Amino acid sequence: GAFCENINFDFEKEIPIEDGSCKDVYTCRDGFGVCYNLCLKTNIEQYPVCKIDKWTFGKQHDKILGHYKKILSVKLTDIARKNLPPEAGPITALLSTAMEAGLIDCVITSKKDDNFRFIPFIAKNKQELSDGIEFKPCQSPILSIIGKAINQEFSDIAIVGNGCQIQALRKMQNHPRFDFEVFDLVSLAIGTFCFGTFHNKQLSDCFNKYGINSSEILNIKTDKNNFKMVVTTKSWKKDIAIAVADA
């Protein structure tokens, strides 16, 4: 639904909502609908990961970790921290630097709403990047607003998403209907690991199980050493095993 005004998104069920006016709705089941074709879970035979690899990098990967020039472990320097919010990490620093250098003119990422659900938004400057700084325990349909960013005449778009969302982006960039816009206008894609990222319904069920009111959550962090999710509300803090939240 990234370019379709007829498609909305149900955040609870994590499915697209079609209003009845989509001209492709009757062909989607046969693989001809745009939404169907762009979904990373469809047409796996026609668009396997090895083919997307070749489209994106010009060759199939021959290394166990895929395509890379160099693998680095990074952290912010004291000088970098002076110009960023205290909670910022390397991704925010990279995006901020790219904006300063004129390499990108906006960032599509996600921020939390009043019920601690994450929604996609377009950060148009360094200040707005701060709204997206936070561990995100659930998914957000970030690709759904690429068309909006393009309609607002951004031409060097950065996208931050988990691995499957970046895979869907690559399918979109090689789709005959959208390859010009998305291939040329998305300048930077940053894929993150999905460890500790859950479906919205899973997370909601977990909160209900532990008596957590999502509207009272201040923040959620991960204790990666102990595989725990640390939920802080207005009145208390609770540790939840990630295996339990994922069950």
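Before reading on, note that the structure itself is shown above.
Before going into details, it helps to say that this report is about the structure given with it. (Residues numbered from 1 in each chain as written. Predicted model: local features only at pLDDT ≥ 70, side-chain atom pairs only at ≥ 80, totals over all residues. Heavy atoms only, no water.)

**Things to note about helix 9 (residues 200–209)**
Now for step 1: Considered for burial, the residues of helix 9 that qualify are N200, L203, C206 and F207. Along the axis of helix 9, the buried positions cluster into a sector of 125 degrees, meaning they face one direction only. Away from the buried face of helix 9 by more than 90 degrees, exposed residues K201, N208 and K209 are located.
Now for step 2: One or two residues past the end of helix 9 sits G211, with phi positive at roughly 65 degrees. (Buried < 20%, exposed > 50% of the residue type's maximum accessible area, 1.4 Å probe, protein only. Helix = DSSP H or I, 4+ residues; strand = E, 2+ residues; numbered from the N terminus. Arc of directions from axis to C-beta.)

**Observations concerning the pairing of strand 3 (residues 106–112)**
Now for step 1: In terms of burial, strand 3 is largely enclosed, as five of its seven residues are buried.
Now for step 2: With six bridges connecting them, strand 3 and strand 4 (residues 118–123) associate as antiparallel partners. Within the sheet, the bridge partner assigned to I108 lies in strand 4 and is I122.
Now for step 3: Once strand 3 ends, the chain turns through five residues before running back antiparallel as strand 4, passing F116 with a positive phi of about 55 degrees. (Pairing = 2+ DSSP bridges.)

**Remarks on helix 4 (residues 90–100)**
Given 3.6 residues to a turn, an α-helix orients residues that are three or four positions apart in the same direction.
Now for step 1: Every buried residue of helix 4 is accounted for by T92, A93, L95, S96, A98 and M99.
Now for step 2: The positive-phi residue at the C-terminal boundary of helix 4 is G102, with phi of around 75 degrees.

**Considering the sheet that holds strand 3**
Now for step 1: The four strands lie next to each other as 4-3-5-6, forming an open sheet whose pairing is mixed. Of all the strands in the sheet, the pair left with one neighbour each is strand 4 and strand 6 (186–192). Recorded for the sheet is a direction-independent mean angle of 30 degrees between the axes of neighbouring strands. (Axes fitted to C-alpha atoms, helices over the stretch in contact; angles between N-to-C directions.)

**Some words on the packing of aromatic side chains**
Each aromatic ring pair is specified by the distance between its two centres and by the angle formed by the two planes.
Now for step 1: Tallied over the entire structure, the rule returns one aromatic pair.
Now for step 2: For the ring pair F116 and F118, a centre distance of 5.5 Å and an interplane angle of 90 degrees mean the geometry is edge-to-face. We note that F116, like F118, is buried.
Now for step 3: One cation-aromatic arrangement involves K111 over F121; the distance from NZ or CZ to the ring centre is 4.8 Å.
Now for step 4: Seen from the ring of W236, K238 lies directly overhead, with NZ or CZ sitting 5.3 Å from the centre. (Phe/Tyr/Trp six-rings, centres within 6.5 Å; stacked < 30°, edge-to-face > 60°. Lys NZ or Arg CZ within 6 Å of the ring centre and 35° of its normal.)

**Points about unusual backbone geometry**
Generally, phi is negative for residues other than glycine and the peptide bonds are trans, each holding for most cases.
Now for step 1: Positioned with a positive phi, F116 is a non-glycine residue whose angle comes to about 55 degrees.
Now for step 2: Note that F116 resides in the loop between strand 3 and strand 4.
Now for step 3: With relative accessibility at 3%, the residue F116 sits in the buried group.
Now for step 4: A positive phi is found at E153, a non-glycine position, where the angle reads about 70 degrees.
Now for step 5: Turning to its location among the elements, E153 is positioned in the loop between helix 6 (146–151) and strand 5 (157–162).
Now for step 6: Residue E153 is classed as exposed on the basis of its relative accessible area, which comes to 70%.

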